[in-house]
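Letter by letter, the chains look like this.
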Amino acid sequence: MPKTLPQAFQRNFLGNAPKWYKLTILFFLIINPVLLYTVGPFITGWVLIGEFIFTLAMALKCYPLPAGGLLAIEAVAIGLTNPESVYHETLANFEVILLLIFMVAGIYFMKDFLQFTFTRILVRVQSKMYISLLFCFAGAFLSAFLDALTVTAVIIAVAYGFYNIYHRYVSGQGMQTSHDLMTDKALKDVHRQELQQFRGFLRNLMMHGAVGTALGGVCTLVGEPQNLLIASEMGWHFMPFFFKTAPISMPVLVVGLATCALLEKYKLFTYGVEMPGDIRSHLLETAVEMEEKRGARGRAKLITQGLAGLWLIIALGFHLAAVGIIGLSVIVLLTSFNGVIEEHQMGAAFEEALPFTALLVVFFSIVAVIHDQHLFAPVINSVLAVQGQMQLVAYFVANGLLSIMSDNVFVATVYISETKMHFVHMLDAIPDIGMTGEQLMEKLTDYRIPRQEVLATLPQSAAEQAGALMHQLDRLAVSINTGTNIPSIATPNGQAAFLFLLTSALAPVIRLSYGRMVLLAFPYFITMSLTGLAATYFLL
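No experiment lies behind these values; they were computed from the predicted model shown.

## Quick notes on the overall build of the protein chain
Within the protein chain, the secondary structure is distributed over 25 helices and 0 strands. Projecting the C-alpha coordinates of the protein chain onto the three principal axes gives extents of approximately 80 × 60 × 50 Å. Each of the 540 residues in the protein chain was classed as buried or not, and the buried ones make up 54%. Sequence separation of 24 or more characterises 76% of the internal contacts of the protein chain that already satisfy a separation of 6 or more. Accessible area of the protein chain: about 23,100 Å², with a carbon and sulfur share of 66%. Each charge class in the protein chain was averaged separately, 31 positive and 35 negative side chains, and the resulting centres sit 13 Å apart.

Right, dumping it as structure tokens:
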């Protein structure tokens, strides 16, 4: 315990983060103003990006919001950007913020239905390969319409609940007593061996499910936060987004599911661990008891949640409202018809999303620095100098590599905004368009106005040039989306769902470490990334 006030301040700064991490952040905060006045804003801006990526990569040591937020505040304070630019970037992506606040909270109230689905798969299906495929496909399907983080949270809750039940059973502990799931001291040797096998079984399923959220998340504009961000920049709603990404997302989905089956069949990369028979019979008995206790009222809640899920799919498919507003409608329907009427019951629904929402606004602060200092102009120009299909491949690779190291939402935010800005300048260079490039881009990316109607108002030569530019921008936007979604499964740093799994209460009890997660993700990373790369070159 600190004895003096200075020691207390030192201990409080970034809490339980390692001392070396605290010193590193302090060094960043001290060196940035020095760099600004010695080497100028351009180099300082790039150093700031490197520092921010460091905070994302070290997310297991400290959630990036405090340290990254300090860097963002300093960037504004020393003049690398200004509050107006930060507000402009945030306002431009308001629909994404609505998605995170309301859609994630809305899916929270559907957790009973989702847990019911995954529990049925886990205890009713006998074949490990079929269970794995169902977990992977269910994760993909649900993430395409819901939210990958929430789907992952449901899978974790199901696995943790069953692990808790069985660990207590073999330890001779009841459900009402306090119990440490980390210790196996009270277990007999035969139970200890079965428990180790059960942990391997759950590790396999958790990774199949997590990869499934990535397979489905890339397909639609609600699957991942960056999808909606890209869609809002391009003026795409649900169905256009799906069809534009399908040449890459569909082959990757097929290959991902095939990889799941092959890993289980040939027991590669520590996959193929079976559930011990004694555990299956005990879990089945427990599941039957849980269903009996649910009663008529519980079944009515499941039906209501299922109908709300159907409404969600229809509303998204026909773009009946902004995604966040549809999420809000789900909250209203489920709370009213399922009797959730107290404030504290609703508050828990917003806890999962709000920290990431705050972090996203910090992302936008760094993006404001990039815009104001034109940091990415040389990078974008060099990549766009590549001709033909190789330009799309270069975008896929660049976004993929950066997403592996940092965070795919941040990478997508930077690339789509900077690429669109570059194309605005290219539209500006077209003669006789009768307006600025920015005004023309606003019309061409307004989902309420068919693009061909806008082009029809231009002279023929200008319309042909603008149409060709927008066609290429569409394809680059797809490359950004797939590049940030697919290769980022290589590490927990890139995929929020993977990081959520790694930092969950389940990970330590099933012995799922960072290194083991990277190993389990590796075969998926290879097959899905190569498929995405080939599809980008040949099909996009």
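## Examining the nonpolar core
Counting residues in each nonpolar core, the largest one holds 167 residues, and the members touching the most others are Phe118, Leu122, Phe135, Phe198, Met206 and Leu501. If sequence neighbours within four positions are ignored, phenylalanine 198 has contacts with Phe162, Tyr163, Tyr166, Met275, Pro276, Ile279 and Leu283.

## Here's the deal with unusual backbone geometry
Positive phi, close to 55 degrees, is recorded for lysine 267, a residue that is not glycine. Positive phi, close to 65 degrees, is recorded for aspartate 432, a residue that is not glycine.

## A look at the pattern of salt bridges
Scanning all chains against the criterion turns up 5 salt bridges. The partner of lysine 420 in a salt bridge is glutamate 233, with the nearest N and O atoms 3.1 Å apart. Separated by 187 residues along the polypeptide, lysine 420 in helix α19 (residues 408–428) and glutamate 233 in helix α11 (residues 225–234) bring together distant segments of the chain. Across the pair, glutamate 233 and lysine 420 agree in class, each one buried. In this structure, the salt-bridge partner of aspartate 474 is arginine 451, at a minimum N-O distance of 2.7 Å. Remark: arginine 451 occurs in helix α21 (residues 451–456) and aspartate 474 occurs in helix α22 (residues 460–485); sequence separation between them is 23 residues. The class for aspartate 474 is buried, based on a relative accessible area of 8%. If you follow the salt bridges from partner to partner, you end up with Lys244, Arg451 and Asp474 in one network.

## A closer look at the packing of helix α3 (residues 41–57) against helix α16 (residues 354–373)
Axis angle and axis distance: for two packed helices, these are the angle between their axes and the distance between the axes, and together they describe the pair. The N-to-C vectors of α3 and α16 enclose an angle of 160 degrees; their axes lie 10 Å apart at closest approach. The pairing of α3 with α16 is recorded here as roughly antiparallel in orientation. Considering how the two elements wind past one another, α3 and α16 form a crossing that is left-handed. Counting all contacts with α3, which are made through Pro41, Phe42, Gly45, Leu48, Ile49, Phe52 and Leu56, the residues of α16 involved are Val362, Phe363, Ile366, Val369, Ile370 and Gln373.

## A closer look at a nonpolar patch on the surface
On the surface, a nonpolar cluster with roughly 950 Å² of combined accessible area is contributed by Ile303, Leu307, Leu310, Trp311, Ile314, Phe318, Leu320, Leu333 and Phe337. Of all elements in the fold, only α13 (277–317) and α14 (323–337) reach the threshold of two or more residues within the nonpolar patch. No other element matches the 5 residues that α13 contributes to the nonpolar patch. Turning to its location among the elements, leucine 333 is positioned in helix α14.

## Quick look at the state of the cysteines
Throughout the structure, instances matching the rule amount to 0 disulfides. Between cysteine 260, a cysteine without a disulfide, and cysteine 136, which holds the nearest cysteine sulfur, the sulfur-to-sulfur distance is 4.8 Å.

## Observations concerning the environment of valine 218
Locating valine 218 in the fold gives a position in the loop between α10 (189–217) and α11. In this structure valine 218 comes out as buried when scored by relative accessible area, which is 1%. Between the C-alpha atom of valine 218 and that of isoleucine 526, which follows or precedes it by 308 residues, the distance is 17 Å. Excluding its chain neighbours within four sequence positions, the residues that come into contact with valine 218 are Asn227, Phe241, Thr245, Ser249, Asn481, Thr482, Asn485 and Ile486.

## A short note on the side chain of aspartate 474
A polar side-chain atom of aspartate 474 sits 2.7 Å from a polar atom in the side chain of arginine 451. Those residues in contact with aspartate 474, other than ones at most four positions away along the chain, are Met234, Trp236, Lys244 and Arg451.

## Regarding the packing of helix α8 (residues 128–145) against α13
Following both chains from N to C, one finds α8 and α13 inclined at 30 degrees, their axes separated by 14 Å at the closest point. By the criterion of interaxial angle, the relationship of α8 to α13 is roughly parallel. Classified by chirality, the crossing of α13 by α8 is left-handed. Every residue of α13 that contacts α8 at Ile131, Phe141 and Phe145 is listed here: Arg280, Leu312, Ile313 and Leu316. Taken together, the residues of the contact of α8 with α13 break down into 6 nonpolar, no polar and 1 charged.

## Some words on helix α6 (residues 94–108)
With 15 residues, α6 extends 21 Å from end C-alpha to end C-alpha; this agrees with the ideal 21 Å at 1.5 Å per step. At leucine 100, α6 shows its maximal kink, close to 25 degrees. Summarising burial for α6: 11 of the 15 residues are buried, a large majority. Along α6, the residues that are buried comprise Val96, Ile97, Leu98, Leu99, Leu100, Phe102, Met103, Val104, Ala105, Gly106 and Ile107.

## Thoughts on the environment of isoleucine 326
Summarising the element assignment, isoleucine 326 is placed in helix α14. Discounting chain neighbours no more than four positions away, the residues touching isoleucine 326 are Trp311, Leu312, Ala315, Leu316 and Ala321.

## Overview of the environment of alanine 368
Looking at the element boundaries, alanine 368 is found in helix α16. For alanine 368 and isoleucine 131, which are 237 residues apart along the polypeptide, the C-alpha to C-alpha distance reads 45 Å. If sequence neighbours within four positions are ignored, alanine 368 has contacts with Thr81, Ser85, Val86 and Glu89.

Basis of the calculations
- Residues numbered from 1 in each chain as written.
- Predicted model: local features only at pLDDT ≥ 70, side-chain atom pairs only at ≥ 80, totals over all residues.
- Heavy atoms only, no water.
- Helix = DSSP H or I, 4+ residues; strand = E, 2+ residues; numbered from the N terminus.
- Buried < 20%, exposed > 50% of the residue type's maximum accessible area, 1.4 Å probe, protein only.
- Contact = heavy atoms within 4.5 Å.
- Areas by Shrake-Rupley, 256 points an atom, 1.4 Å probe, with all protein chains shown as cover.
- Lys, Arg positive; Asp, Glu negative; His and termini not counted.
- Charge placed at Lys NZ, Arg CZ, Asp CG, Glu CD.
- Core = buried A, V, L, I, M, F, W, Y, C linked by side-chain atoms within 4.5 Å.
- Salt bridge = Lys/Arg side-chain N within 4 Å of Asp/Glu carboxyl O.
- Axes fitted to C-alpha atoms, helices over the stretch in contact; angles between N-to-C directions.
- Parallel < 35°, antiparallel > 145°, perpendicular 65-115°, else oblique.
- Left-handed = near helix turned anticlockwise from the far one by under 90°.
- Patch = residues over 30% accessible without salt bridge, like charges linked within 9 Å, V, L, I, M, F, W, Y side chains within 5 Å.
- Disulfide = S-S within 2.5 Å.
- Polar contact = N/O pair within 3.5 Å; in protein donor to acceptor, adjacent residues only side chain to side chain.
- Nonpolar A, V, L, I, M, F, W, Y, C, P; charged D, E, K, R; others polar.
- Expected span 1.5 Å × (residues − 1).
- Bend = angle between axes of the 7 residues up to and from the residue.

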